[in-house]
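Single-letter residue listing:
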Amino acid sequence: QVQLVESGGGLVQAGASLRLSCAASGRTFRSYTMGWFRQAPRTSRAFVAAISWSGVNTDYADSVKGRFTISRDNAKNTVYLQMNSLKPDDTAVYYCAAKDGGYSGTYYRGSYDYWGQGTQVTVSS
């Protein structure tokens, strides 16, 4: 069982950077694949990034590749999403998610077992 709490969102101008954090609690945190998804107004929830339990394997949506970096510190039970060169199209609620069962199917929200409540990121033009 894992509980997830996101933080670090806010209002920034285009070109700025933000770092989101996802604090996890519960047992066997290091066994979980972790992901970030986002949902903009009037859109469905979309994949952003994923990272394996070891931190060796990562994946990114094409829209954020080269700008966003996912990382984790298992000793601190925390997953991060470093977001650089932010664009207005990045405006969304960002959700942290945890997935059991290995590093596969990471692009699909249905693959994840636990979700945080989300943190708002707003990027002005």
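Described below are features of the structure shown in this document.

The rules behind each value
One numbering rule holds for all chains: residues counted from 1, following each sequence as written. Side-chain atom pairs in this predicted model are given and counted only at pLDDT of 80 or more, local residue features only at pLDDT of at least 70, and totals for whole chains, interfaces and linings cover all residues. Working from all heavy atoms in the structure, the side-chain values ignore hydrogens and water. Note on terminology: disulfide denotes any pair of cysteine sulfur atoms within 2.5 Å. The helix and strand labels rest on DSSP assignments: H or I over at least four residues marks a helix, E over at least two residues marks a strand, and numbering proceeds from the N terminus. The term polar contact refers here to a pair of N or O atoms within 3.5 Å; inside protein, the definition further demands a hydrogen-donor-capable atom paired with an acceptor-capable atom, and it admits residues adjacent in sequence only when both atoms are side-chain atoms. Throughout this description, buried means an accessible area under 20% of the type-specific maximum (1.4 Å probe, protein chains only), exposed means over 50%, and partly exposed covers the range between.

**Comments concerning the state of the cysteines**
Summed over all chains, the structure comprises 1 disulfide. At a sulfur-sulfur separation of 2.1 Å, the disulfide partner of Cys22 is Cys96. Measuring handedness by torsion sign, the sulfur bridge of Cys22 and Cys96 sits at about -80° and is left-handed. Here Cys22, found in strand E3 (residues 18–26), pairs with Cys96, found in strand E9 (residues 92–99); they are 74 residues apart in sequence, far enough to count as distant.

**Digging into the side chain of Arg72**
Within the element layout of this structure, Arg72 appears in strand E7 (residues 68–73). One polar contact links Arg72 to Asn74, side chain to side chain, over a distance of 2.8 Å.

**Observations regarding unusual backbone geometry**
For Arg42, which is not a glycine, the phi torsion comes out positive at approximately 65°. Of note, Arg42 is situated in the loop between strand E4 (33–39) and strand E5 (46–51). For Arg42, a relative accessible area of 87% puts it in the exposed group. In this structure, Asn77 is a non-glycine residue whose phi angle is positive, near 55°. Among the structural elements, Asn77 can be located in the loop between E7 and strand E8 (78–83).

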